[in-house]
Amino acid sequence: MEYLITRQLVKKTLKTAREKNDWTLDSKEPLRRASKLLDPNWKADYFYPGVSHESWKFFLYGMRKINADIFKAYCKVLELNWEEVAEPRKIQETELPVVSVASTTPSLEDQINVLPLQPTDGYSKNQREVWIPNLRCRKVWGRESFSEQVLHRLNEPQEAPILSLCGSAGYGKTEVACKVARAAVRNNLFADVLWVKARDTEFSDGKISQSARDEALSWNQLLQEIAHQLDGCSVKRVHQRIKEEKRLIVLDNAETAQLEDILPKLNEMLNPSRVLLTSRFQTNASYVGLINIPPLEEHCSYQLLQDEAKYKNVPAILQANTEQLQQVYHLSCGAPLALHFIVGRVFDDGTLEPVLSALEQAGGDVEKIYEFSLKTA
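Quick look at the structure, then. Just so you know, these numbers come straight off a predicted model, no measurement behind them.

With that settled, the discussion passes to the overall build of the protein chain. Counting its secondary structure elements, the protein chain contains 18 helices and 9 strands. In the protein chain, of all internal contacts separated by at least 6 residues, the share reaching a separation of at least 24 is 74%. Accessible surface for the protein chain amounts to roughly 17,400 Å². Of this, 47% is attributable to carbon and sulfur atoms.

Take a look at the structure:
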């Protein structure tokens, strides 16, 4: 599957085109139009898969790569030529991580870090990993040992059947879950991975909130989605299909689902299958094991900052002294998403000090950093 990212130099052009239509960052109309472009017969109340306020903002601000078809649809909605908006392919290709082929058995770290090989918005019963979303950033820094820890616990027979990856917004829970899910399949620990996203995340009213469904994901909605991913089998057969092979079920953004109803019922159909949740909140059920996602270590945050600064050509960060980098780390609280936003803001401002001063007011709150990043763009 092809992915594209917005060139930093055209962000003002996108903003002008958006404001010409009187669309705010949270307007639904451009997403509805993009959904219709991707599927002329689309009539659902929710947006086409992959079309969300999250991917829309990634497109507008060039923060992460998104699906090429969705990228082109967004460009068409703004009446722009996608080839003039997208970063040239040669530049994108040079940034892809290289996986060693010296050994016929890649290390677990290599398998976890490799970019997705399968499409995520098509369906084929012969393709494993097809439901796992693609990483939303070029590379995930500093999560190798933590990902191995999660993978080990998922494969431990004495471990709780449901594991919950917990942590505040912006700490990369979904990215870790993606890496772990792919490694689980490629190591043949699970026959396949089913992935259900309770809600898409978006920025609204100063908070990283959720959209796409008007209400929290229900048990029946979850069953229907799982049935669809299991070759489109009937809902009645889901229990049997989950029991017959060891599958990993990931429920992403689980805090937006009706967990009090879902978890007891889901627990009854496990063994040998397992469940991995990503959630901002902890769940106290006895059959749920908790794994708190830590902040990035300081040296890993510096690697992320340097890598992004080189990729986006941000001299102010590349030339930052140790004291400034330490300040960035502490103000971001080691949240990867906050670090990405900081690079984007410094790129726009051309200097580091005003950004640091503004971040001090955010007090390490990733949602406030997000608000600052978007509203001052």
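Before going further, it helps to examine the sheet that holds strand β3 (residues 162-166). Read from one edge to the other, the open sheet built from 5 strands follows the order β4-β7-β8-β3-β9, with strand pairing classed as parallel. Either end of the sheet is taken by a strand with one partner, and the two such strands are β4 (192-197) and β9 (288-292). Averaged over neighbouring strand pairs, the angle between their axes works out to 20 degrees when direction is ignored. Contacts from helix α9 (residues 173-186) reach β3, β4, β7 (247-252) and β8 (274-279), with the element oriented near 160 degrees to β4.

Right, let's talk about helix α2 (residues 29-38) for a bit. One turn of an α-helix holds 3.6 residues; hence residues three or four places apart share an orientation. Of all the positions in α2, only P30, L31, A34 and S35 are classed as buried. For α2, the arc enclosing every buried residue in end-on projection is 140 degrees, short of the 170-degree limit, so these residues lie on one face. Where α2 is buried, its residues contact α3 (53-61) and α4 (68-77).

Two elements in contact, helix α13 (residues 298-312) and helix α16 (residues 336-349), have axes separated by 10 Å at closest approach and are oriented at 35 degrees. Where α13 crosses over α16, the two elements pack in a sense that is right-handed. Counting all contacts with α13, which are made through S301, L304, L305, E308, A309 and K312, the residues of α16 involved are P336, L339, H340, V343 and F347. Of the residues contributing to the contact of α13 with α16, the split by class is 7 nonpolar, 2 polar and 2 charged.

Quick look at the pairing of β3 now. Judged by how many residues are buried, β3 sits mostly within the fold: 5 of 5 residues are covered. Where burial is concerned, the two faces of β3 agree: the one with I162, S164 and C166 and the one with L163 and L165 are both buried. Note: β3 against β8, 5 bridges, orientation parallel. By the bridge assignment for β8, I162 is matched with V275. Two strands pair when backbone bridges link them, and β3 and β9 are joined in this way by 5 bridges, in the parallel orientation. For I162, the partnering residue across the bridge sits in β9 and is V288.

A word on the nonpolar core. W195, L222, I226, I242, L251 and L276 are the most contacted members of the largest nonpolar core, which has 58 residues in total. It is α9 that provides the largest number of residues to this core, a total of 8 residues. The residues touching W195, leaving out its near neighbours within four places in the chain, are W131, I132, P133, T174, A177, C178, A181, Q229, V250 and D252. In this structure, V10, W23, F59 and W82 belong to the second largest nonpolar core, which totals 30 residues.

Right, let's get into the pairing of β8. With 6 of 6 residues buried, β8 is to be regarded as a mostly interior element. With burial as the criterion, each face of β8 is covered, one bearing R274, L276 and T278 and the other bearing V275, L277 and S279. In this sheet, β8 lies alongside β7 in parallel orientation, the contact comprising 4 bridges. The residue bridging I249 from the neighbouring strand is V275, located in β8. For the crossover that starts at β7, traverses helix α12 (residues 259-268) and ends in the parallel β8, the hand is right-handed.

What follows concerns the packing of aromatic side chains. The final tally for this structure, using the stated rule, is 5 aromatic pairs. Measuring from ring centre to ring centre gives 5.4 Å for F59 and Y74, while their planes differ by 45 degrees; the resulting arrangement is tilted. Of the two residues, F59 is situated in helix α3 and Y74 in helix α4; the sequence distance between them amounts to 15 residues. Overall, the relative accessible area of 1% leaves F59 in the buried class. What makes Y74 buried here is its relative accessible area of 0%. Among the aromatic residues, ring-to-ring pairing joins W56, F59, F71 and Y74 into one connected group. We note K246 situated over the ring of F190; from NZ or CZ to the ring centre the distance is 4.7 Å.

Rules and cut-offs
Residues numbered from 1 in each chain as written. Predicted model: local features only at pLDDT ≥ 70, side-chain atom pairs only at ≥ 80, totals over all residues. Heavy atoms only, no water. Helix = DSSP H or I, 4+ residues; strand = E, 2+ residues; numbered from the N terminus. Contact = heavy atoms within 4.5 Å. Areas by Shrake-Rupley, 256 points an atom, 1.4 Å probe, with all protein chains shown as cover. Pairing = 2+ DSSP bridges. Axes fitted to C-alpha atoms, helices over the stretch in contact; angles between N-to-C directions. Buried < 20%, exposed > 50% of the residue type's maximum accessible area, 1.4 Å probe, protein only. Arc of directions from axis to C-beta. Left-handed = near helix turned anticlockwise from the far one by under 90°. Nonpolar A, V, L, I, M, F, W, Y, C, P; charged D, E, K, R; others polar. Core = buried A, V, L, I, M, F, W, Y, C linked by side-chain atoms within 4.5 Å. Right-handed = clockwise from strand over helix to strand, strands pointing away. Phe/Tyr/Trp six-rings, centres within 6.5 Å; stacked < 30°, edge-to-face > 60°. Lys NZ or Arg CZ within 6 Å of the ring centre and 35° of its normal.

Such coordinate-based values are descriptive only and should not be taken to indicate function.
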